[in-house]
Amino acid sequence: MSKPETAGDRIYHEIRSLIVSGEIKPGDRLVQRQLAGQFGTSNIPVVEAIRRLERDGLVVNHPNWGAQVRKWTRDDVISASVVREAVESYACRLFIERATESQKVALKEHACAFDDHARAKNKAGCVDADIEFHMFIVKCTGISMLCHVAENTGIIAACIANDEESMISAHDAYGPIGIHDKLVFALTHGDVQAAEAACKAHIYDALYRNAN
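Model, not experiment: these values are computed from the prediction.

**Student:** Requested: an account of the overall build of the protein, with residues and values cited.
**Tutor:** Across its full length, the protein holds 10 helices and 3 strands. Shown N-terminal to C-terminal, the secondary structure of the protein runs as helices and strands in the order α-β-α-α-β-β-α-α-α-α-α-α-α. Counting all 212 residues of the protein, 48% fall into the buried class. Summarising the internal contacts of the protein: among those between residues at least 6 apart in sequence, 70% fall at separations of at least 24. Summed over its atoms, the accessible surface of the protein is roughly 11,400 Å², and 51% of this surface lies on carbon and sulfur atoms.

**Student:** Tell me about the environment of Gln 103, and please be specific about residues and values.
**Tutor:** Residue placement: Gln 103 occurs in helix α5 (residues 101–119). Judged by its relative accessible area of 23%, Gln 103 is partly exposed. As a C-alpha pair, Gln 103 and Thr 188 span 85 residues in sequence and 9.4 Å in three-dimensional space.

**Student:** Account for the pairing of strand β3 (residues 66–69), with residues named and values stated.
**Tutor:** In terms of strand pairing, strand β1 (residues 29–30) meets β3 through 2 bridges, oriented antiparallel. Bridge pairing in β3 places Leu 30 opposite Ala 67. Across 4 bridges, the pairing between strand β2 (residues 59–62) and β3 is antiparallel. Counted as the bridge partner of Asn 61 is Ala 67 from β3. Count of turn residues in the β2/β3 antiparallel hairpin: 3 residues, of which Asn 64 carries a positive phi of about 65 degrees.

**Student:** How would you sum up unusual backbone geometry? Please name residues and give values.
**Tutor:** Residues other than glycine seldom take positive phi values, yet Asn 64 does so here, at roughly 65 degrees. The phi dihedral of Lys 121 is positive, around 55 degrees, even though this residue is not glycine. Note on placement: Lys 121 falls in the loop between α5 and α6 (123–139). For Lys 121, a relative accessible area of 77% gives the class exposed.

**Student:** Before we move on, can you summarise the sheet that holds β1 with the specific residues and values?
**Tutor:** Read from one edge of the open sheet, 3 strands run β1-β3-β2, paired in antiparallel fashion. Looking at the sheet topology across the chains shown, the edges are occupied by β1 and β2. Set on the sheet, helix α3 (residues 43–56) makes contact with β1, β2 and β3; between it and β2 the angle comes to about 115 degrees.

**Student:** Describe the packing of helix α4 (residues 74–98) against helix α9 (residues 181–188), naming the residues involved and giving the relevant values.
**Tutor:** Where α4 contacts α9, the two axes come as close as 9 Å, and the packing angle between them is 40 degrees. As the angle between them shows, α4 and α9 are arranged oblique. From α4, Cys 92, Phe 95 and Ile 96 reach across to α9, where they touch Leu 183, Ala 186 and Leu 187. A breakdown of the residues in the contact of α4 with α9 according to their chemical character gives 6 nonpolar, no polar and no charged.

**Student:** Account for the pattern of salt bridges, naming residues and giving values.
**Tutor:** One pass over the structure, following the stated rule, counts 8 salt bridges. With a shortest N-O distance of 2.9 Å, Arg 84 and Glu 88 are connected by a salt bridge. On the criterion of helical spacing, the pair formed by Arg 84 and Glu 88 is a turn pair, its members being 4 residues apart in helix α4. Of the residues examined, Glu 88 reaches a relative accessible area of 4% and is grouped as buried.

How each quantity is defined
- Just so you know, the residues in each chain are numbered from 1, in the order the chain's sequence is written.
- In keeping with the predicted nature of the model, local features appear solely for residues at pLDDT of at least 70, side-chain atom pairs appear and are counted solely at 80 or more, and the whole-chain, interface and lining totals rest on all residues.
- Based on all heavy atoms of the structure, the side-chain values leave hydrogens and waters out of the count.
- Note on conventions: DSSP H or I runs of at least 4 residues are helices, E runs of at least 2 residues are strands, and numbering of each starts at the N terminus.
- Only protein chains enter the accessibility calculation, which uses a 1.4 Å probe. A residue is then buried if its area is under 20% of the maximum for its type, exposed if over 50%, and partly exposed in between.
- Contacts are assigned to residue pairs that have any heavy atoms within 4.5 Å of one another.
- Accessible surface is estimated by sampling points in the Shrake-Rupley manner with a 1.4 Å probe; for residues, cover comes only from the protein chains shown.
- Following DSSP output, two strands are said to pair if at least two bridges run between them.
- For helices, the fitted axis covers only the stretch in contact; all axes are lines through C-alpha atoms, and the angles between them, taken along N-to-C directions, range from 0 to 180 degrees.
- Reported orientations rely on four angle classes, namely roughly parallel under 35 degrees, roughly antiparallel over 145, roughly perpendicular from 65 to 115, and oblique for the rest.
- For this classification, the nonpolar set comprises Ala, Val, Leu, Ile, Met, Phe, Trp, Tyr, Cys and Pro, the charged set comprises Asp, Glu, Lys and Arg, and every other residue, Gly included, is treated as polar.
- Whenever Lys or Arg places a side-chain nitrogen within 4 Å of a carboxyl oxygen from Asp or Glu, that contact is recorded as a salt bridge.

Quick look at the structure:
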C-alpha cells in the first residue's frame, strides 16, 4: 500500500513542475508566504517542499534572505551531464538484458511521441517527452534507486534547458526530429556497445551543441 500524499508532497510536485516548465525561472525567489497563499496552505508544507527541492539541487537557500531557484553555471551543466551519462549508459546495458518485446515496442512509441512534439514545435511537450523516454529506459531495469537518480538528473537537464542564461538554449538542448533513433535501434537490436555510445553521444550533443 502506497503512502498517502501529504500537502508537502503536493506542493513539492507543483513547484517542481513550475520550475521544470520554466514558469518559475532560475533566479526567482520562493517566498513562503506567497506560495502558502497560492496553494491555500500554511507555511509548514511550503517549507517542507522547499527543503526537498533544495536537496534535489533545484533550489538554493540563502541564510537571512530566503530560497531562490538555482541559476545554472557551466560547471553545474557539465557535472549534471557526467552523472546523467553514467546512470543512463548503465541503464542501457540493463535494458538490453532485461527488456521484454512489449517494452521495446513501447520505447519506440516514446521516441515517436517526442518527434511528434518536435514537429509541432511544442517545447514543453518535447521536454516532457524527452524525460519520459529516458526514464522509461531506466524503469525497465527494475532498479528503484537507479530510477530515483535518473529522474533527478533528467529534471535538472530540463531545468537547464529552460535557463536562458545557461550555456544551452532550450531548442538546442532537445535537438531535432529523430534524435533518439540511433539509441532506439541499438537498444531494440541488443547492441550494448552501440547503445552506450549512442546514449553518451546524445547527452554530449545536448551539452555542447552551440555551447560556444
